[in-house]
Amino acid sequence: MAFKQKNDLHPHVKWFSIGILTDHGLEYEEYDALSKRILDSVDNVGAVSDLVRVEWDKEKLKTLHERFENPVLTDPCFIINEVISEDIEREKKLLQEKHKWKRFLNLISRYDYMEAEAKAVHDFDKSLLYTDDLEKVIEFLNHKV
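Residues numbered from 1 in each chain as written. Predicted model: local features only at pLDDT ≥ 70, side-chain atom pairs only at ≥ 80, totals over all residues. Heavy atoms only, no water.

Caption draft 1: Just the overall build of the protein chain, in detail. Tallying secondary structure elements over the protein chain gives 6 helices and 5 strands in all. Relative to the 2.2 N^0.38 estimate, which gives 15 Å for 145 residues, the radius of gyration of the protein chain is 16 Å and therefore close to what a compact globule would have. Along the three orthogonal principal directions, the C-alpha set of the protein chain runs to about 45 × 35 × 30 Å. The 145 residues of the protein chain split such that 37% are buried. Contacts spanning at least 24 positions in sequence make up 84% of the contacts within the protein chain whose residues lie at least 6 apart. For the protein chain, the exposed surface amounts to about 9500 Å²; the carbon and sulfur share of it is 51%. With 22 positive and 30 negative side-chain charges, the protein chain shows a separation of 7 Å between the mean positions of the two kinds. (Helix = DSSP H or I, 4+ residues; strand = E, 2+ residues; numbered from the N terminus. Rg over C-alpha atoms; globule rule 2.2 N^0.38 Å. Buried < 20%, exposed > 50% of the residue type's maximum accessible area, 1.4 Å probe, protein only. Contact = heavy atoms within 4.5 Å. Areas by Shrake-Rupley, 256 points an atom, 1.4 Å probe, with all protein chains shown as cover. Lys, Arg positive; Asp, Glu negative; His and termini not counted. Charge placed at Lys NZ, Arg CZ, Asp CG, Glu CD.)

Okay, here's the thing in structure tokens:
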């Protein structure tokens, strides 16, 4: 997952995350090319993630698909969400509450926190765009600046 550094995120700009959804994940070169194309074209993306369809909750995927009127899309698909810091903090807090002893002993891993952040920024119930057209993604984000 490619993130902008927290210091690079201007607080008065709407930030977005992009999930690149595929059946089996992207090869590094393909992910690198797609994320570079996106990040070079827009200034309001805080994270680009490689999402593997089989690793996500089937109900969440169904909700996403229905929400956008059952589009027929090819791999890769792009899912855009607004980054909402309150949602990220809520997911981190839920993680800490679920693993109170791990938190007490400072044993919650950075990976666990990154998973919680990914869950918050890729909440399919709040997705704004779902498409397989990279140009539509860039156009959408450039109009949100």
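Caption draft 2: A look at the packing of helix 3 (residues 85-98) against helix 5 (residues 110-121). Running from amino to carboxyl end, helix 3 crosses helix 5 at an angle of 135°, the nearest separation of the two axes being 8 Å. Considering the angle they form, helix 3 stands oblique to helix 5. Helix 3 and helix 5 meet at a crossing whose hand is right-handed. Of the residues in helix 5, those touching helix 3 at Asp87, Ile88, Glu91, Lys92, Leu95 and Gln96 are Asp112, Tyr113, Ala116, Glu117, Lys119, Ala120 and Val121. Residues of the contact of helix 3 with helix 5, tallied by class, amount to 6 nonpolar, 1 polar and 6 charged. (Axes fitted to C-alpha atoms, helices over the stretch in contact; angles between N-to-C directions. Parallel < 35°, antiparallel > 145°, perpendicular 65-115°, else oblique. Left-handed = near helix turned anticlockwise from the far one by under 90°. Nonpolar A, V, L, I, M, F, W, Y, C, P; charged D, E, K, R; others polar.)

Caption draft 3: Geometry of a nonpolar patch on the surface. Taken together, the side chains of Trp101, Phe104, Leu105 and Leu107 present a nonpolar region at the surface, about 550 Å² in accessible area. Turning to its location among the elements, phenylalanine 104 is positioned in helix 4 (residues 100-104). For phenylalanine 104, a relative accessible area of 63% gives the class exposed. (Patch = residues over 30% accessible without salt bridge, like charges linked within 9 Å, V, L, I, M, F, W, Y side chains within 5 Å. Salt bridge = Lys/Arg side-chain N within 4 Å of Asp/Glu carboxyl O.)

Caption draft 4: Up close: a negative patch on the surface. Taken together, the side chains of Glu27, Glu29, Glu30 and Asp32 present a region of like negative charge at the surface. For aspartate 32, a relative accessible area of 36% corresponds to the partly exposed category.

Caption draft 5: Quick look at the packing of aromatic side chains. For the structure shown, the criterion picks out 3 aromatic pairs. Summarising the aromatic geometry, the rings of tryptophan 56 and phenylalanine 124 are spaced 4.9 Å apart at their centres and angled 35° between planes, so their arrangement reads as tilted. With tryptophan 56 in the loop between strand 3 (45-52) and helix 2 (58-67) and phenylalanine 124 in the loop between helix 5 and strand 5 (129-131), this pair connects stretches of sequence that are 68 residues apart. Judged by relative accessible area, tryptophan 56 falls into the partly exposed class, the value being 21%. Phenylalanine 124 gets classed as buried once you look at its relative accessible area, which sits at 1%. Seen from their ring centres, phenylalanine 68 and tyrosine 130 are 5.9 Å apart, and the 55° between their planes marks the pair as tilted. Of this pair, phenylalanine 68 sits in the loop between helix 2 and strand 4 (77-82) while tyrosine 130 sits in strand 5; the two residues are 62 residues apart in sequence, bridging distant segments of the chain. (Phe/Tyr/Trp six-rings, centres within 6.5 Å; stacked < 30°, edge-to-face > 60°.)

Caption draft 6: Molecular detail of the environment of valine 121. Mapped onto the fold, valine 121 is located in helix 5. Since its relative accessible area comes to 5%, valine 121 is described here as buried. Among all residues touching valine 121, those that are not within four sequence positions of it are Ser17, Asn81, Val83 and Ile88.

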